[in-house]
Amino acid sequence: MTNKDLANLIFPNITKTIEDYEKIYPERNLPEGAMVTRFAPSPTGFVHMGSLLASFISSKAAKDTNGVFYLRIEDTDQKREVENGIEGIVADLKNFEINIDEGALSRTESIGNYGPYIQSERKEIYHAFIKHLLEIGMAYPCFCTEEHLDEIREMQEATKSRIGYYGRYAVCRNLKIDEAYNRIKNGEKFIIRLKSPGDFEKKIVVNDLVKGKIEFPENDLDIVIMKSDGLPTYHFAHLVDDHLMRTTHITRGDEWVSSLPIHIQLFQVFGFNPPKYAHLSPIMKQEGDTKRKLSKRKDPEAAMSYYTELGIPIKAVHLYLMTIANTNFEQWYDANKDKSIDDFKFDFKKISASGSLFDLEKLINISRNYISYLSAEEVYNNVLTWSKTYDLELYELLSKYKEYTINVFSIERYQKKPRKDYESWSSIKKNIWYMYDELFQNVDYDKGNITDKNEINNILSTYINSYYQESDDKDTWFSRIKELSTALGYCANMKEYKENPNNYKGSVADVSTVIRIALTSSTMTPDLYEIMKLLGADRVKSRILKFINA
Ligand code: GLU
């Protein structure tokens, strides 16, 4: 009996060799320096902030270098799979405008020439690679039962030895080929293990793109490469897929760092070049005095749906992710406000090794800033789309008053420092509601400095009867409010008022606040002149009358 006989017994139908697969999935024909990156989630639920960051980085690195970014679904642990897991991931990526060049689109569809991109559909390929290892004597069937493995572990714990299947504990490693052959022929259950060539006393050094040089003992565990269901383990599938899909750079969470000795060893056993690895520290969250990992379970802001519902523009989330991803991005963006992320060159070396603190307030500020530089039409289109799902009342108003609303969004927008009132699409209504009569009903009015009702009514009626002219330009409009103030005993000049407050009933600011409150119910709004222009004479008059009579 030879290794080959054993390999043929286990995989009688596997006829393709690993050389055949090298030809089927040849080196990619890409420009020098192009990176091939991937996002390789298990279909276990929504994409959360941590994996979004990893996929965002991977897609950006590929885009910057004219490479390829692909989506691979890692479903070898089928117990953990959730319903519509794949579609959910594809939809999350799409919603977040992370485009894939290749990969799974659903259970049945994909794009690209390096597929299948779903691991459970690659069984034959994995088997060819496992068969190869059996043939060269680098893998073996293991018949140890769960009970036996438990006993080994208990013994190792009791004697404070290293846990695992290695050295003298790896009993099946030394089975004679004939014996293994016969036990399989007799229908005994087995799994397949790597015959690890590693020596725990020796060291390997891996150069991680984020963490720098890391030293590990070599792996000497005979890890499982094929489970009893015939599927490979994650480690083995990773090797085969990242090799055949010609991945050059792997960005993933640092919970995988400790697997590096195994992964590197697997590449070495086959004589393949390993890809470069970038292990990201987890995104942290401040909680009181302590920091903890941002949690998929505990923190709503870890889910992408949180941003969609709130109506935070996706580009703003991208900007925030980039500030986490590259420490020099924020400064670059400050100096290049007119540019987009596409103009920024991502650099693995500029990833912070210590990980980032998730700062929702900062994200919201980025969003506020981002929205302030959009055109009024862009704001309109975005709010319209958002409100269609989340606020039908607003949606109807926006649809009915398109031009008008765009004009509302134009107030103090096209200037050097545009207003930053809107932090998200959902925050817009509370800023502009008073511009719509449909919403301006039974309102609660703020209080200004002038509180005497007779005085307020006097200011408003004098204004509307003697000083308001719809056709006034801004300067004339304001000089008339000043004239009104003077006529009623208020100081028209703020500087003078501050010097001699006792000489006056109040200032021009108090007078305009009265008008502002009557028209908008609020003491704080964007430019009152612009608001009045948009409301138009009829509504200005009727709102003032309504307020007088209130
Ligand atoms: N399927 C693994 C995960 O979901 C991927 C790890 C990797 O990127 O290599 O974490």
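Computed from a predicted model, the values in this text were never measured in an experiment.

Caption draft 1: Molecular detail of the packing of helix α1 (residues 3-10) against helix α7 (residues 177-185). At a closest axis distance of 10 Å, the pairing of α1 and α7 adopts a crossing angle of 15°. Comparing their axes, α7 and α1 come out roughly parallel. Judged by the sense of rotation from one axis to the other, the crossing of α1 with α7 is left-handed. On α7, the residues that touch N3, D5, L6, L9 and I10 of α1 are I177, A180, Y181, I184 and K185. In terms of residue class, the contact of α1 with α7 is made up of seven nonpolar, one polar and two charged.

Caption draft 2: Molecular detail of the site of the ligand. Inspection of the region around the ligand gives R38, A40, P41, S42, E74, Y234, R252 and W256 as its neighbouring residues. Contact between the ligand and R38: an oxygen atom at 2.6 Å from a side-chain N or O atom of the residue. Y234 is positioned such that a nitrogen or oxygen atom in its side chain is 2.5 Å from an oxygen atom of the ligand. In the shell around the ligand, the residues fall into four nonpolar, one polar and three charged.

Caption draft 3: Spotlight on the nonpolar core. With 114 residues, the main nonpolar core has F129, I192, I225, F236, F270 and Y307 as its most contacted residues. If we skip the residues at most four places from it in the chain, F129 touches I18, Y21, F236, V240, L244, F270 and F272.

Caption draft 4: Spotlight on a negative patch on the surface. Negative charge collects at one region of the surface, where E146, E147, E151, E154 and E157 lie side by side. Position of E157 relative to the elements: it lies in helix α6 (residues 146-158). The class of E157 is partly exposed, set by a relative accessible area of 47%.

Caption draft 5: Representation of the environment of V269 within the structure. Following the sequence through the fold, V269 ends up in helix α9 (residues 260-270). Sequence separation between V269 and T476 is 207 residues, and the spatial gap between their C-alpha atoms is 84 Å. Those residues in contact with V269, other than ones at most four positions away along the chain, are L133, M138, L194 and P197.

Caption draft 6: Up close: the sheet that holds strand β5 (residues 139-142). The strand order across the open sheet built from three strands is β5-β6-β9, with neighbouring strands paired in antiparallel fashion. Every interior strand has two partners, whereas the edge strands, β5 and β9 (224-226), have only one. Strand-to-strand, the axes of this sheet are offset by a mean angle of 45°, without reference to chain direction. Bridge analysis of strand β6 (residues 191-194) against β9 gives two bridges, and the strand direction is antiparallel.

Caption draft 7: A look at the packing of helix α18 (residues 453-467) against helix α22 (residues 528-549). Close contact between α18 and α22 brings their axes to 10 Å; oriented N to C, the two are set at 140°. Classified by chirality, the crossing of α22 by α18 is left-handed. Residues K453, I456, N457, L460, S461, Y463 and I464 of α18 form the contact with α22, whose own contacting residues are M532, V540, K541, I544, F547 and I548. Tallied by class, the residues present in the contact of α18 with α22 amount to nine nonpolar, two polar and two charged.

Caption draft 8: Structural detail: the packing of aromatic side chains. Enumeration according to the criterion identifies 32 aromatic pairs in this entry. Counting every residue linked through ring pairs, the aromatic cluster contains Y21, Y25, Y114, F129, F236, F270 and F272. Residue placement shows R162 over the ring face of Y166; its charged tip is 4.2 Å from the ring centre. Above the ring of Y165, the side-chain terminus of R193 is found at 3.6 Å from the ring centroid.

Caption draft 9: Geometry of helix α15 (residues 392-400). For α15, the complete set of buried residues consists of L394, L397 and L398. Axial view of α15: buried residues confined to an arc of 100°, hence all on one face. Along α15, the residues that are exposed and aim more than 90 degrees away from the buried face are L392, E396 and K400.

Caption draft 10: Expanded view of the environment of D359. For D359, the location among the structural elements is in the loop between α12 (329-335) and α13 (360-372). Its relative accessible area of 33% is what places D359 among the partly exposed residues. Sequence separation of D359 and G212 is 147 residues, and the distance between their C-alpha atoms is 26 Å.

Caption draft 11: Broad picture of helix α5 (residues 123-135). Under the 1.5 Å per step criterion, the end-to-end length of α5 is 18 Å for 13 residues, consistent within 8% with the ideal 18 Å. For α5, the tally of buried residues reaches ten of 13 residues, placing the bulk of the element in the interior. Looking at the residues trailing α5, positive phi occurs at G137, about 75°.

Caption draft 12: Main features of the pattern of salt bridges. By the definition in use, this model includes 36 salt bridges. For the salt bridge of K315 with E97, the shortest nitrogen-to-oxygen distance reads 2.8 Å. Of this pair, K315 sits in helix α11 (residues 314-325) while E97 sits in the loop between α4 (85-95) and β3 (102-104), placing them 218 residues apart in sequence. What you see here is one network of salt bridges that share partners, running through R38, R72, E74, R122, D241 and D242.

Analysis parameters
- Residues numbered from 1 in each chain as written.
- Predicted model: local features only at pLDDT ≥ 70, side-chain atom pairs only at ≥ 80, totals over all residues.
- Heavy atoms only, no water.
- Axes fitted to C-alpha atoms, helices over the stretch in contact; angles between N-to-C directions.
- Helix = DSSP H or I, 4+ residues; strand = E, 2+ residues; numbered from the N terminus.
- Parallel < 35°, antiparallel > 145°, perpendicular 65-115°, else oblique.
- Left-handed = near helix turned anticlockwise from the far one by under 90°.
- Contact = heavy atoms within 4.5 Å.
- Nonpolar A, V, L, I, M, F, W, Y, C, P; charged D, E, K, R; others polar.
- Near = heavy atom within 4 Å.
- Polar contact = N/O pair within 3.5 Å; in protein donor to acceptor, adjacent residues only side chain to side chain.
- Core = buried A, V, L, I, M, F, W, Y, C linked by side-chain atoms within 4.5 Å.
- Buried < 20%, exposed > 50% of the residue type's maximum accessible area, 1.4 Å probe, protein only.
- Patch = residues over 30% accessible without salt bridge, like charges linked within 9 Å, V, L, I, M, F, W, Y side chains within 5 Å.
- Areas by Shrake-Rupley, 256 points an atom, 1.4 Å probe, with all protein chains shown as cover.
- Salt bridge = Lys/Arg side-chain N within 4 Å of Asp/Glu carboxyl O.
- Lys, Arg positive; Asp, Glu negative; His and termini not counted.
- Charge placed at Lys NZ, Arg CZ, Asp CG, Glu CD.
- Pairing = 2+ DSSP bridges.
- Phe/Tyr/Trp six-rings, centres within 6.5 Å; stacked < 30°, edge-to-face > 60°.
- Lys NZ or Arg CZ within 6 Å of the ring centre and 35° of its normal.
- Arc of directions from axis to C-beta.
- Expected span 1.5 Å × (residues − 1).

Interpretation note: all reported values are geometric properties and have no functional meaning in isolation.
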